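# Coordinate inspection notes
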Amino acid sequence: MIEVKELTKRFGQKLAVDGISFKVGKGEVLGFLGPNAAGKSTTMRMITGYLPPSSGTALVGGYDIVRNSLQARRRIGYLPENAPAYPDMTVIAFLDFIAEVRGFTGRERRARVSATIDKCFLNDVRHQQVSTLSKGYNQRVCFAQAILHDPEYLIMDEPTDGLDPNQKHEVRSMIRDMAKDKTIILSTHNLEEVDVVCTRVIIIASGKIVADKTPLELKALSEFHGTACFTVCNAEPEGVIAGMEGLHGVKDVLKVGEGEGRFTLRAIPSDPSAPVAEVIVRYCLDRGIRLENMRIEEGRLDEVFRQITRPDQRAV
Amino acid sequence: MKRELAGYFTSPVAYVFIVIFLLLCGFFTFSIGRFYETGQADLRAFFEWHPWLFLFLVPAVGMRLWADERRDGTIELILTLPVSVAELIFGKFLAAWLFLGSALVLTFPIVITVAYLGEPDFGAVITGYIGSFLMAGAYLSVGCMTSSLTRSQVISFILTVVICLFFLLAGWPPVTGFFTGWAPAWLVSIVEGFSFMHHFADMERGVLDLRDLVYYLSVMGFMLMANGVILQSRRAS
């Protein structure tokens, strides 16, 4: 359990993190979202003990990060932003060094290092210098460093930043695999990632928490949540729109696209939790309108993100 | 820390450093120090140049210690590992100091040469080496401190050279002469007391005085403490 209490960080006059509190338990993957300079990295740096908080504190597994910093750090694996690693060391020497500092000796150390190398697919580059590695490998080396001691708490600042889609996929599946018996906090700009790996999302803007929800709950805030998007091909859109707007449960129908004799329409239900699919399908069947496809939207995270973090609209 | 020590010996910089150090040692001792011409079987000519050699070589060793960590971002890594800042500072310092020590050890051929040519006072040779090693440590501690101030190795290097030069010159006769004209005697001796040179001179002659030992150790202690304070305060802001 990581328990963050009124964590605050001031840089001179500027308030970077403003009294953030939350709790994360085992099995959760908490995603930190927020615009650049919102305070995500600063918060993580305070939890990992790199930056001392101006006020407030956090408990990691019951250990206070200010008073019991070393105990807390022992339990954390941390992947800093931009994945730093010593450029003049080889991959294996670097991991061996980390293992040594983490207090592993002899056979156990060798076993841990080689197990971690396998786990992170670093076998091909184990004797290569870190400075010669590609961005993807570099990221994995630093990731390996973070999970080497099998920490209970894993904190990652933009773990998939700069990776190609395949590598992103690999890292995400590793995170998901580990999520069962760990507490994970990660920050990201990638909204798709939140959807794939996170069980909970905290959105931070200007150093404050503006939303703390599951990805599904967040999407439900979207104005597209529950809308039906469908394509018809042998009817005039004006007629369909006029006809459907009178149907029960349909609030509004909009034309969102057209091309090659097809029209894409969006039906907005009067109540997002009451599905409109059936009504639309029946309407089309009754009138011989060919319905090419239809999907019900869950809502779009990017749109919710913009809506929440816009400076003038902070009420969620 | 072990990493640093291993790092020194795997990087070509280390070998370049050692080779240059040995070449310069030889050059100063034999050509400028007139080793043969003095007709004495001792290592005065050898040790005499160490303060000046160290002035440029030691900052080059110290400059990367913290500046590199800051530049590569690895400082975030080591400061979040379960090790205290004091351990890190001592680890880095000791590794670099041992490295300098090993460079010093590699000057042994000159001892053999002297022993072959005559009957040197081995006591003086040993205290000379101890003094030289301690002085290298004092220079290095200044290097550690300036290195933690900046992410640029060049700035760290220049700062260290300037600070060490100050320490060196404080005991140089022209400088003390400048003070003796008008300043009270106690001020002169304080200024002189700050000098690396002043404390090195005794050991060079074969006298191992506790005061000199305490002086060097306290310079190191002070600089490393300053190093710690700088690290903590730069972290906080």
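Only a predicted model underlies this, so the values are computations on that prediction, with no experimental measurement involved. (Residues numbered from 1 in each chain as written. Chains lettered and ligands numbered in written order. Predicted model: local features only at pLDDT ≥ 70, side-chain atom pairs only at ≥ 80, totals over all residues. Heavy atoms only, no water.)

Counting its regular elements, chain A contains 11 helices and 14 strands. Overall size of chain A, expressed as C-alpha extent along the three principal axes, is 75 × 45 × 30 Å. By residue count, 50% of the 316 residues in chain A fall in the buried class. Within chain A, contacts between residues separated by at least 24 positions form 68% of all contacts whose residues are at least 6 apart in sequence. Counting only carbon and sulfur atoms, one obtains 48% of the accessible surface of chain A, whose full area is about 14,500 Å². (Helix = DSSP H or I, 4+ residues; strand = E, 2+ residues; numbered from the N terminus. Buried < 20%, exposed > 50% of the residue type's maximum accessible area, 1.4 Å probe, protein only. Contact = heavy atoms within 4.5 Å. Areas by Shrake-Rupley, 256 points an atom, 1.4 Å probe, with all protein chains shown as cover.)

Across its full length, chain B holds 14 helices and 0 strands. Helices and strands appear in chain B in the N-to-C order α-α-α-α-α-α-α-α-α-α-α-α-α-α. Restricting the contact set of chain B to residue pairs at least 6 apart, pairs at least 24 apart contribute 76%. For chain B, the computed accessible surface area is about 10,800 Å², with 74% contributed by carbon and sulfur atoms.

Looking now at the pairing of strand E12 (residues 250-259) of chain A. Residues and elements named next belong to chain A. Pairing of E12 with strand E13 (residues 262-269) involves 8 bridges; the strand directions are antiparallel. Bridged to Leu254 within E13 is Arg266. Here E12 folds back onto E13, and the loop between the two strands holds 2 residues, one of which, Glu260, carries a positive phi near 50 degrees. (Pairing = 2+ DSSP bridges.)

Below, the discussion takes up the packing of aromatic side chains. Counting across every chain of the model gives 8 aromatic pairs over all chains. The interplanar angle of 75 degrees and the centroid separation of 6.1 Å between the aromatic rings of Phe54 of chain B and Tyr139 of chain B together place this pair among those described as edge-to-face. Of this pair, Phe54 of chain B sits in helix H4 (residues 50-62) while Tyr139 of chain B sits in helix H9 (residues 122-149), placing them 85 residues apart in sequence. An aromatic cluster is defined as three or more aromatic residues linked by ring pairs; in this entry it consists of Tyr86, Phe94 and Phe97 of chain A. A cation sits over an aromatic face here: Lys92 of chain B above Trp66 of chain B, 5.0 Å from the ring centre. (Phe/Tyr/Trp six-rings, centres within 6.5 Å; stacked < 30°, edge-to-face > 60°. Lys NZ or Arg CZ within 6 Å of the ring centre and 35° of its normal.)

Listed as interface residues are 27 residues of chain A and, on the opposing side, 21 residues of chain B. Interface of chain A and chain B: buried area, both sides summed, is about 2,300 Å²; carbon and sulfur atoms make up 62% of it. Looking at the side of chain A facing chain B, the largest losses of area belong to Tyr50, Arg73 and Tyr86 of chain A, adding up to 29% of the total buried there. The shortest N-O distance in the salt bridge between Glu76 of chain B and Arg45 of chain A comes to 2.9 Å. At the level of secondary structure, the elements contributing two or more residues to the side of chain A that touches chain B comprise strand E1 (2-11), helix H2 (69-74), helix H3 (91-101) and helix H5 (135-147) of chain A. (Buried area = accessible area lost by both parts, 1.4 Å probe. Salt bridge = Lys/Arg side-chain N within 4 Å of Asp/Glu carboxyl O.)

What follows concerns the pattern of salt bridges. Summed over the entire model, instances satisfying the criterion amount to 22 salt bridges over all chains. Salt-bridge contacts for Lys23 of chain A lead to Glu3 of chain A; the nearest nitrogen and oxygen are separated by 3.9 Å. Highlighted residues: Lys23 of chain A in strand E2 (residues 14-24) and Glu3 of chain A in strand E1, separated in sequence by 20 residues. One salt bridge connects Glu69 of chain B with Lys92 of chain B, and the closest N-O pair in it is separated by 2.9 Å. Taken together, the residues Glu69 of chain B in helix H5 (residues 64-72) and Lys92 of chain B in helix H7 (residues 85-105) connect sequence positions 23 residues apart. Beyond isolated ion pairs, a larger network of salt bridges with shared partners links Glu28, Arg200 and Asp212 of chain A.

Here we take up the domain arrangement of chain A. Size of an interface, as often reported, equals the accessible area lost when the parts are brought together. Taken domain by domain, chain A holds domain 1 (2-219) and domain 2 (228-297). Each of domain 1 of chain A and domain 2 of chain A has a C-alpha centre, and these two points are 45 Å apart. (Domains from an automatic or database assignment.)

With that settled, consider the environment of Tyr216 of chain B. Residue and element names in this part refer to chain B. Positionally, Tyr216 belongs in helix H14 (residues 210-236). Spatially, the C-alpha atoms of Tyr216 and Ala136 are 9.5 Å apart, while their sequence positions differ by 80 residues. Those residues in contact with Tyr216 that sit more than four places away from it in its chain are Leu134, Met135, Ala138, Phe196, His199, Phe200 and Met203.

So, on to the nonpolar core. Core analysis: the largest hydrophobic core is formed by 140 residues, its most contacted members being Phe22 and Ile185 of chain A together with Phe196 and Tyr216 of chain B. Counting residues per element, this core draws most heavily on H9 of chain B, at 11 residues. If you look at the next biggest cluster of nonpolar residues, it comprises 17 residues, including Val232, Ile241, Met244 and Leu265 of chain A. (Core = buried A, V, L, I, M, F, W, Y, C linked by side-chain atoms within 4.5 Å.)

Another aspect to go through is the environment of His189 of chain A. Residue and element names in this part refer to chain A. Mapped onto the fold, His189 is located in the loop between strand E8 (183-187) and helix H7 (191-197). As for His189 and Arg126, which are separated by 63 residues in sequence, their C-alpha atoms are 30 Å apart. Setting aside chain neighbours within four positions, we find His189 in contact with Gly34, Pro35, Asn36, Lys40 and Glu158. Here Asn36 takes part through its side chain, which lies 2.9 Å from a polar atom of the side chain of His189. (Polar contact = N/O pair within 3.5 Å; in protein donor to acceptor, adjacent residues only side chain to side chain.)

Residue and element names in this part refer to chain A. Across the sheet, 4 strands lie side by side as E2-E1-E4-E5; this open sheet has antiparallel pairing. Two strands bound the open sheet, and with one partner strand each, they are E2 and strand E5 (63-64). Here 2 bridges tie strand E4 (residues 55-60) to E5, and the two strands are oriented antiparallel to one another. Residue pairing across strands places Val60 opposite Tyr63, the latter belonging to E5. Its contacts with the sheet place helix H1 (residues 40-47) against E1, E2 and E4, and it is angled at close to 120 degrees to E1. (Axes fitted to C-alpha atoms, helices over the stretch in contact; angles between N-to-C directions.)

We now examine the sheet that holds strand E10 (residues 208-213) of chain A. Residue and element names in this part refer to chain A. Taken together, 6 strands build an open sheet; the order of strands is E6-E7-E8-E3-E9-E10 and the sheet is mixed. With partners counted over all chains shown, the strands left at the sheet margins are strand E6 (76-79) and E10, one partner each. The average undirected angle you get between the axes of adjacent strands in this sheet is 15 degrees. The sheet contact formed by strand E9 (residues 200-205) and E10 spans 5 bridges and is antiparallel. Note that in E10 the partner of Ile203 across the bridge is Ala211. The strands touched by helix H6 (residues 165-178) within the sheet are strand E3 (29-33), strand E7 (153-157) and E8, with E8 carrying the most contacts at an inclination of about 150 degrees.

Glancing now at H9 of chain B. Three- or four-residue spacings in an α-helix give side chains the same orientation, since the helix completes a turn every 3.6 residues. Relative to the 40 Å expected for 28 residues at 1.5 Å per residue, H9 of chain B spans 41 Å between its end C-alpha atoms, a close match to the ideal helical length. Most of H9 of chain B sits inside the fold, with 22 of its 28 residues counted as buried. (Expected span 1.5 Å × (residues − 1).)

Attention shifts here to the packing of H9 of chain B against helix H10 (residues 153-169) of chain B. All names here are of chain B. Relative to each other, H9 and H10 sit at 140 degrees, their axes nearing to 9 Å. Between H9 and H10 lies a crossing whose hand is right-handed. Between H9 and H10, the contacting residues are Tyr139, Val142, Gly143, Met145, Thr146, Ser147 and Leu149 on the first element and Ser156, Leu159, Thr160, Ile163, Cys164 and Leu168 on the second. Of the residues contributing to the contact of H9 with H10, the split by class is 8 nonpolar, 5 polar and no charged. (Left-handed = near helix turned anticlockwise from the far one by under 90°. Nonpolar A, V, L, I, M, F, W, Y, C, P; charged D, E, K, R; others polar.)

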